[in-house]
Amino acid sequence: MIILGLETSCDETSASVIETTNINIKVLSNTIATSLPLHSKTGGIIPETAAREQLKFIIPVLEKSLSDAKMSENQIDAIAVTYGPGLIGSLLVGVETAKTLAFAWKKPLIPVNHLFGHIYANFIENPKIRFPAVALIVSGGHTDLVLIKDHGKIKWLGGTRDDAAGEAYDKIGRLLNLPYPAGPIIEQLAKQGDTKAYTFPRPMIGSKDFDFSFSGLKASVAREVATIKNLDDKKIADICACTQEAIIGVLVRKTLKAVKKYKVKSILLGGGVAANEKLREQFELEIRNLELEISLFVPEKSLCTDNGAMIAAAAFFNYEPVDWKKISANPELYFD
Ligand code: KG4
Ligand code: ZN
């Protein structure tokens, strides 16, 4: 089966063609355009700018993904599109494009939850992941922990009460005058820093639920930065190391709590923060220490951030076409 996946929920415009054989997936093309450089200048995403750029990119990206895959419209079996959550102006571009194509090309259309997409990025390289699994979705907009009993049987366990994990990286980066998005830069700078230099809080690390909170960490770093007269490279590296230690510490602890409670066989990571190597190492270390028989899955970097291939993969494993007339963008869409 050949599926065209469209993803336009935020600042990336992506179209991908995947080919499925039994449950194996081959990515034939994965074209991604991003308006990130425009947002770097303003230090964060401006929704109107993101939507305008989506409109500019969508047709060239679609055409390139078809030509890279060497596919014409009559070879496509189905179309998948992200219909939420995300920025309404950005989502509308993908959803309306997909509806138009479904009507004009007479193809089935599968609306996909963006968060399912991040989970299913893992199944592109590993289609036989064992259930039950927990997935930790960590990006600039989301921090969610979910239990997956089987394909499509996803239960939300908890999420952030304030800032998302990526947002915490980005906001703390701004306090340190680092460019946006700060996550990858903090990861690099942290390598030269001392993780014992500062004691930053790990909010909600011991709470009974599976929720997260990162705004207290940001406030604590802000207070610390305000007391420093000369914020030199060494101090910045130390703050990066301690910030990262706090964020990753909470993410790993809460995920492992869910692992033990639900006796899961697999841990799946997804979203931009999943590209962080320290996060992966920490998970591997804790899994070894606990002597748990668990497999950790992390998509390759280009599949961690927003892309059309993960949307097409989610549609494949949850193949439920909907009449295009009944599909509309839903910025508030969540689990359940
Ligand atoms: O999934 P994504 O590309 O976009 C959405 O937010 O949906 O995630 C972007 C977020 C940003 O907050 C960025 O700082 C963070 O992911 N990020 C990282 C790393 N790479 C990206 N955070 C920590 N370490 C990284 N290596
Ligand atoms: Zn995303």
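Residues numbered from 1 in each chain as written. Chains lettered and ligands numbered in written order. Predicted model: local features only at pLDDT ≥ 70, side-chain atom pairs only at ≥ 80, totals over all residues. Heavy atoms only, no water.

*Asks:* Teacher, can you tell me more about the packing of aromatic side chains here?
*Replies:* Note on aromatic pairs: each is described by the distance of the centres and the angle between the planes. All told, the structure shown has 11 aromatic pairs when counted by the stated rule. Taken together, the aromatic side chains of Y120, F123, F131, F316 and F317 make up a single cluster linked through ring pairs. Over the ring of F212 we find K254, and its NZ or CZ is 5.8 Å from the ring centre. (Phe/Tyr/Trp six-rings, centres within 6.5 Å; stacked < 30°, edge-to-face > 60°. Lys NZ or Arg CZ within 6 Å of the ring centre and 35° of its normal.)

*Asks:* Would you mind showing me how to read the packing of helix 6 (residues 183-190) against helix 8 (residues 233-262) here?
*Replies:* Relative orientation and spacing of two packed helices are given, respectively, by the angle between their axes and the distance between those axes. With their axes 8 Å apart at the nearest point, helix 6 and helix 8 run at an angle of 110° to one another. Considering the angle they form, helix 6 stands roughly perpendicular to helix 8. In this structure, helix 6 contributes I186, E187, L189 and A190 to the contact, and helix 8 contributes I236, A237, C240, A241 and Q244. In terms of residue class, the contact of helix 6 with helix 8 is built from seven nonpolar, one polar and one charged. (Axes fitted to C-alpha atoms, helices over the stretch in contact; angles between N-to-C directions. Helix = DSSP H or I, 4+ residues; strand = E, 2+ residues; numbered from the N terminus. Parallel < 35°, antiparallel > 145°, perpendicular 65-115°, else oblique. Contact = heavy atoms within 4.5 Å. Nonpolar A, V, L, I, M, F, W, Y, C, P; charged D, E, K, R; others polar.)

*Asks:* It is not clear to me how the sheet that holds strand 8 (residues 153-159) should be interpreted in this structure. Could you clarify?
*Replies:* In a beta sheet, neighbouring strands are held together by backbone hydrogen bonds and run either parallel or antiparallel to one another. Taken together, the five strands give an open sheet; going across it, the order is 8-7-6-9-10, and neighbouring strands pair in mixed fashion. Both outer strands of the open sheet, strand 8 and strand 10 (295-297), are each paired with one neighbouring strand and no more. Adjacent strand axes in the sheet meet at a mean angle of 20° when their direction is disregarded. As judged from the six bridges shared by strand 6 (residues 133-138) and strand 7 (residues 143-150), these two strands associate in the antiparallel manner. Bridged to L136 within strand 7 is L145. Strand contacts of helix 8: strand 6, strand 7, strand 8 and strand 9 (266-270), with the helix running at about 160° to strand 6, the strand carrying the most contacts. (Pairing = 2+ DSSP bridges.)

*Asks:* How should the coordination of the zinc ion (ligand 2) be read in this particular structure?
*Replies:* A metal bound by six donors in octahedral fashion has ideal angles of 90 or 180 degrees, whereas one bound by four tetrahedral donors has an ideal angle of 109.5 degrees. Distances from the zinc ion (ligand 2) to its protein donors, H114 (NE2), H118 (NE2) and D306 (OD), fall within 2.1 to 2.2 Å. For the zinc ion (ligand 2), the single-chain donor residues occur in sequence as H-x3-H-x187-D. Here D306 lies in the loop between helix 10 (301-304) and helix 11 (308-317) and H118 lies in helix 4 (residues 114-125), a separation of 188 residues in the sequence. Each member of the pair, H118 together with D306, is buried. (Donors = N, O, S within 2.8 Å, 3.2 Å for Na, K, Ca; no water. Buried < 20%, exposed > 50% of the residue type's maximum accessible area, 1.4 Å probe, protein only.)

*Asks:* Explain the sheet that holds strand 4 (residues 78-84) here, please?
*Replies:* The sheet built from five strands is open, its strands ordered 3-2-1-4-5 with mixed pairing. A single partner strand is all that each edge strand has here, and the edge strands are strand 3 (24-34) and strand 5 (109-113). Averaged over neighbouring strand pairs, the angle between their axes works out to 20° when direction is ignored. Two strands pair when backbone bridges link them, and strand 4 and strand 5 are joined in this way by five bridges, in the parallel orientation. Bridge pairing links A80 to I110 in strand 5.

*Asks:* I'm lost on the site of ligand 1 in this one. Help?
*Replies:* Within the structure, ligand 1 sits among 18 residues, and G140, D170, E187, G272 and N276 are positioned closest to it. A distance of 3.2 Å is found between an oxygen atom of ligand 1 and a backbone nitrogen or oxygen belonging to G166. For ligand 1, the accessible surface in isolation is 550 Å², of which the surrounding protein chains cover 88%. Contributing elements (two or more residues each) for the shell around ligand 1: helix 5 (165-175) and helix 6. Here the residues of the shell around ligand 1 are counted per class, giving five nonpolar, 10 polar and three charged. (Near = heavy atom within 4 Å. Polar contact = N/O pair within 3.5 Å; in protein donor to acceptor, adjacent residues only side chain to side chain. Areas by Shrake-Rupley, 256 points an atom, 1.4 Å probe, with all protein chains shown as cover.)

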